Amino acid sequence: MITRKTALVLLPILYIISTLALVYGLGYYYDFDHTVISTGLLFLGCYILSSANKFTLISLLVTFSVLSFYFPTGINYGKPTADLLIPLLQTNKLEIIGYLMAVKQQILITVVFIFIQGLIYYLNKIIKTQKNKKNKTSQFVSVISFIFFYIITLFGISYQHLEVNDSAFLKNIISAYQEINLIHEEMKKYIGSNNNNIRVSRLNEDDNTEIFLVVIGESVRKDYLSVYGYPLNTTPFLNTANGIFIDGLVAAGPNTEQSLTRTLFKAYPEKNKIDWKINFVSLAKKSGYETYWVSNQGTSEYGDNIFSALAGTTDKSKFLKKGPYYTSFNDDDHMLPIVSEVINKNSNKKVVFVHMMGSHEPICSQINDFKSNFKLNNQAGCYVASIEKLDLFIKKITELMKGKKYKLMYFSDHGLSVEPDRVFHDLSLLQEYQVPLFYLSSDEKKHILVKKAISGLNLIDFYSTFINIKTNVTNENYTFHYADKLPNNSNPIIYWKKYRHLSDIVKNQPPITDIEVNSASINIKHQ
């Protein structure tokens, strides 16, 4: 049995351990500055003052235990911001599985932390039963002091421009939600509205392309495609396909929302602004093309609303899922009959957008009945198989367009961290931003590889010349056929919490190559 003397020794130690766990787990350490120390002292003060009575103690321990469920996110990504919460708001049943697999070690910290909170309550109970009770005045002062500390610690105080604990956790949550709502309202107000300031003209009057196909990939790292040098044969079709393959595209952001909002829409980093009126669809419609959107992603969750809203501005959109994309699980191949129907609908020139699920985590769930040449005995094996599956999807979609004049543009929104037993988002990983970009065409006669560092923020420029237009809001120098003439952007701008340069990302992860195969593996040697 623990004595009061032992409890008095253990309790301060547990307060300090819990304080350090909160600072670490809630992401304060992630962007370390002088406020981290003051925040830690506030956490510690709350623990000390909470012993005033049973109510304050239980309130604090329950509150901190609930906050500890954020630990896996805070450890990996830092304090809550709008940029972080938007992807979290998209979380669905499939993503929860992938997320839990990615943070399973950090979940243990939450479990241990909650156990310690229970132990703190038990030790306080021992101390209280073995000492004289405080008088009512002393208890009242302690409770008022605790409430004051509790409010400052969780919400901060703002009075006449004086900020006390501006980095308070729940204050960050509230501010992030407010920012998300502002972004959402601005997007709804302007997306699809006519922008009379955009001037569009044809680049080449002799271009007889019937179908412009934009395939948006999901979670694909460039260095796992054999067409870019991966030693296992993951892209047998693309390895020899006639087209232009850009080796050096840097995704605009490390997750779907941050990347595609700055890829499909016109972004102005210097103003920290996105112009919702200028986007892939509006440029196509302004040019007189029919527009179609076919998606294997969701339609009703917050993060999906931006892209489903964009899809809603096309002449016709089709989502395989009615609602969030966990409502049903569909293979990307299920989009092929819809694409076939669209491209054969009439003889009008069309821009068709195809949004894949691709290599989205949990990765092994994306393989379905696909017969891979690689063994799916771990997460890395499934990821490699998903690249092989992507290659076959591109082959099938080009076969649908045989006999037609077409151009196809493919890029992925971002990459992932790939380890043998887990595939997950690591926002500080260089390969998270290194993604494939290629162009195929019915008229292309050669297989060309261009090594050129290019920012994802310039994809809207590539896209405009891809659909044979030049505008006053895009740069007509960005063309696939003259990509090798572009200046090498050795340090492209990316967006994660703020606009920054790729050189801020220093963590490196070479691709895993010791993947077991079902048949003899083929090493692809590139010149």
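One can find the structure itself at the top, above this paragraph.
Parameters at a glance
- Residues numbered from 1 in each chain as written.
- Predicted model: local features only at pLDDT ≥ 70, side-chain atom pairs only at ≥ 80, totals over all residues.
- Heavy atoms only, no water.
- Helix = DSSP H or I, 4+ residues; strand = E, 2+ residues; numbered from the N terminus.
- Disulfide = S-S within 2.5 Å.
- Buried < 20%, exposed > 50% of the residue type's maximum accessible area, 1.4 Å probe, protein only.
- Core = buried A, V, L, I, M, F, W, Y, C linked by side-chain atoms within 4.5 Å.
- Contact = heavy atoms within 4.5 Å.
- Phe/Tyr/Trp six-rings, centres within 6.5 Å; stacked < 30°, edge-to-face > 60°.

Caption draft 1: Spotlight on unusual backbone geometry. Omega for the bond connecting Glu-361 with Pro-362 falls within 30 degrees of zero, at 0°, which places this linkage in the cis form. When you line up the elements, Pro-362 lands in the loop between strand S10 (350-355) and helix H14 (379-400).

Caption draft 2: Here's a closer look at the state of the cysteines. The tally for this structure, following the rule as stated, stands at one disulfide. Between the sulfur atoms of Cys-364 and its disulfide mate Cys-382 the distance is 2.0 Å. On the sign convention where negative means left-handed, the S-S torsion of about 100° between Cys-364 and Cys-382 marks this disulfide as right-handed. Residue Cys-364 is found in the loop between S10 and H14, and its partner Cys-382 is found in helix H14; the two are separated by 18 residues along the sequence. On the basis of relative accessibility, which here comes to 1%, the residue Cys-382 falls in the buried class.

Caption draft 3: Expanded view of the nonpolar core. Within the largest apolar cluster, 50 residues are counted, with the highest numbers of intra-cluster contacts made by Val-215, Val-354, Phe-393, Ile-394, Leu-408, Tyr-410 and Phe-438. For this core, the elements supplying multiple residues, two or more each, are strand S4 (211-217), strand S8 (290-295), helix H13 (336-343), S10, H14, strand S11 (406-412) and strand S14 (437-441). It is H14 that contributes the most residues to this core, ten residues altogether. For Val-215, the contacting residues outside a window of four places in its chain are Val-354, Met-356, Phe-393, Ile-394, Leu-408, Met-409, Tyr-410 and Phe-411. Counting residues in each nonpolar core, the second largest holds 49 residues, with Ile-198, Ile-244, Leu-264 and Val-351 among its members.

Caption draft 4: Summary view of the environment of Leu-14. Note on placement: Leu-14 falls in helix H1 (residues 4-25). C-alpha of Leu-14 to C-alpha of Leu-119: the two residues are 105 residues apart in sequence and 8.5 Å apart in space. Apart from residues no more than four positions distant in its own chain, Leu-14 is found in contact with Ile-116, Leu-119, Ile-120 and Leu-123.

Caption draft 5: How the structure looks around the packing of aromatic side chains. Scanning the model with the defined rule gives 25 aromatic pairs in all. Ring plane angle 35° and centroid distance 5.1 Å describe the contact between Tyr-224 and Tyr-230, whose orientation is recorded as tilted. Side by side, Tyr-224 and Tyr-230 carry an identical accessibility label, which is buried. With centroids separated by 6.3 Å and ring planes inclined at 70°, the aromatic side chains of Phe-280 and Phe-411 adopt a geometry described as edge-to-face.

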